[in-house]
Amino acid sequence: SAVISQKPSRDICQRGTSLTIQCQVDSQVTMMFWYRQQPGQSLTLIATANQGSEATYESGFVIDKFPISRPNLTFSTLTVSNMSPEDSSIYLCSAGTGDNEQFFGPGTRLTVL
Amino acid sequence: GQQLNQSPQSMFIQEGEDVSMNCTSSSIFNTWLWYKQDPGEGPVLLIALYKAGELTSNGRLTAQFGITRKDSFLNISASIPSDVGIYFCAGLRSWGKLQFGAGTQVVVTP
């Protein structure tokens, strides 16, 4: 398994600003992902964070809005850019292990005013 | 794209009762995962299923990978108050990407 931490745990931000969320895994993992969970909804994959190369985004998500970094095998960041109230969600980081299990961080609860 | 249908949407049960929920898909998955999410927390992995027909238990939890590879179910036996939460199924797509069901809200009353 993998233990995942995220910072910040929550934030309240003003419209038009940006927030960077950090994700740290306690061991080296092959795959890291970012998900969004809108209030009362399920999880939707934003992108795969690729180590040493550009992230791979799912349909409906773009790099300009959600730039992602992954400088090594244990760390990744997601930035939510030029925020609007519609970006208010829980943002979750996950890490995939070699046996197809996937573990999640505690999430970052973002409120945009 | 692939659609995951999870049911029921919510369940109100008495302590000691069994709970059953399922997920069906329009397409095949090679791995099914079941998660539980408590309020204010991230999803916690309960059970992973890798082979069609596989039946796996984890304490009072039992999950099965359907023979057609398009469905899975989760049973919770003898529910207790701490079973309260939202349960999600997830099918593993290529390159480690998960597709989630809508979730089943479980409420346990004493």
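This is a predicted model, so every value here is computed, not measured.

Rules of the game
- Residues numbered from 1 in each chain as written.
- Chains lettered and ligands numbered in written order.
- Predicted model: local features only at pLDDT ≥ 70, side-chain atom pairs only at ≥ 80, totals over all residues.
- Heavy atoms only, no water.
- Helix = DSSP H or I, 4+ residues; strand = E, 2+ residues; numbered from the N terminus.
- Rg over C-alpha atoms; globule rule 2.2 N^0.38 Å.
- Buried < 20%, exposed > 50% of the residue type's maximum accessible area, 1.4 Å probe, protein only.
- Contact = heavy atoms within 4.5 Å.
- Areas by Shrake-Rupley, 256 points an atom, 1.4 Å probe, with all protein chains shown as cover.
- Lys, Arg positive; Asp, Glu negative; His and termini not counted.
- Charge placed at Lys NZ, Arg CZ, Asp CG, Glu CD.
- Core = buried A, V, L, I, M, F, W, Y, C linked by side-chain atoms within 4.5 Å.
- Salt bridge = Lys/Arg side-chain N within 4 Å of Asp/Glu carboxyl O.
- Polar contact = N/O pair within 3.5 Å; in protein donor to acceptor, adjacent residues only side chain to side chain.
- Disulfide = S-S within 2.5 Å.

Asker: How should the overall build of chain B be read in this particular structure?
Answerer: On a plain count of helices and strands, chain B comes out with zero helices and eleven strands. The C-alpha radius of gyration computed for chain B amounts to 13 Å, which stays within 12% of the reference 13 Å derived for 110 residues, consistent with globular compactness. Projected onto its principal axes, the C-alpha coordinates of chain B cover approximately 40 × 30 × 20 Å. Per-residue burial over chain B gives 45% buried out of 110 residues. Put simply, of all contacts in chain B between residues at least 6 apart along the chain, 53% involve residues at least 24 apart. Roughly 5200 Å² of accessible area belongs to chain B as shown, and the carbon and sulfur atoms make up 53% of that amount. Counting 7 positive and 8 negative side-chain charges, chain B places the averaged centre of each group 16 Å from the other.

Asker: So what exactly am I meant to see when it comes to the nonpolar core here?
Answerer: Judged by nonpolar contacts, the single largest core of 43 residues is most densely connected at Trp 34 and Tyr 35 of chain A together with Tyr 35, Leu 98 and Phe 100 of chain B. Ranked by size, the runner-up nonpolar core spans 21 residues in total, among them Cys 23, Leu 46, Tyr 87 and Val 108 of chain B.

Asker: When you look at the interface of chain A and chain B in this model, what are you seeing that I'm missing?
Answerer: The figure often quoted for interface size is the accessible area lost as the parts come together. Chain A puts 21 residues into the contact, and the matching count from chain B is 21 residues. Across the chain A-chain B interface, the total number found is two salt bridges. Of the charged contacts, one joins Lys 97 of chain B and Glu 58 of chain A as a salt bridge, the two residues approaching to 2.9 Å between their closest N and O atoms. In this assembly, chain A and chain B are joined by nine residue pairs in polar contact (both at pLDDT 80 or more). For the side of chain A that touches chain B, the elements supplying multiple residues, two or more each, are strand E4 (31–37), strand E5 (43–49) and strand E10 (102–104) of chain A. The element contributing the most residues to the side of chain A that touches chain B is E4 of chain A, with four residues.

Asker: What exactly am I supposed to notice about the state of the cysteines here?
Answerer: Here, disulfide denotes a covalent bond that connects the sulfur atoms of two cysteines. Residues and elements named next belong to chain A. As enumerated under the stated definition, the model contains two disulfides over all chains in all. Two residues share a disulfide in this structure: Cys 23 and Cys 93, whose sulfurs sit 1.9 Å from each other. Between Cys 23 and Cys 93 the sulfur-sulfur dihedral comes to about -65 degrees; the bridge is accordingly left-handed. Taken together, the residues span a long stretch of sequence, with Cys 23 in strand E3 (residues 19–25) and Cys 93 in strand E9 (residues 89–96) at a distance of 70 residues. Neither residue differs from the other here; Cys 23 and Cys 93 are each classed as buried.

Asker: What exactly am I supposed to notice about the environment of Asp 38 of chain B here?
Answerer: All names here are of chain B. Mapping Asp 38 onto the fold places it in the loop between strand E4 (32–37) and strand E5 (44–49). Sequence spacing of Asp 38 and Tyr 87 is 49 residues, and the spatial spacing of their C-alpha atoms is 9.0 Å. Beyond its immediate chain neighbours, meaning those up to four positions away, Asp 38 contacts Val 84 and Gly 85.

Asker: How do you make sense of the environment of Asp 11 of chain A when you look at a structure like this?
Answerer: Residues and elements named next belong to chain A. If you trace the backbone, Asp 11 turns up in strand E2 (residues 10–13). Along the chain, Asp 11 and Gln 102 lie 91 residues apart, while their C-alpha atoms are 25 Å from each other. Contact partners of Asp 11, with chain neighbours within four places excluded, come to Leu 19, Arg 109, Leu 110 and Thr 111.

Asker: I would appreciate a short explanation of the pattern of salt bridges in the present structure.
Answerer: Any two side chains of opposite charge can pair if their charged atoms end up close together. Enumeration over the complete set of coordinates arrives at five salt bridges over all chains. The shortest N-O distance in the salt bridge between Asp 83 of chain B and Arg 60 of chain B comes to 2.8 Å. Placement of Asp 83 of chain B in the loop between strand E8 (71–76) and strand E9 (85–92) and of Arg 60 of chain B in the loop between strand E6 (55–58) and strand E7 (61–65) is noted, with a sequence separation of 23 residues between them. Looking at Asp 83 of chain B, the relative accessible area reads 7%, which means it is buried. Note on Arg 60 of chain B: relative accessible area 30%, which makes it partly exposed. Via salt bridges that share partners, Glu 58 of chain A together with Arg 93 and Lys 97 of chain B belong to a single interconnected network.

Just distances and angles here, no functional claims.
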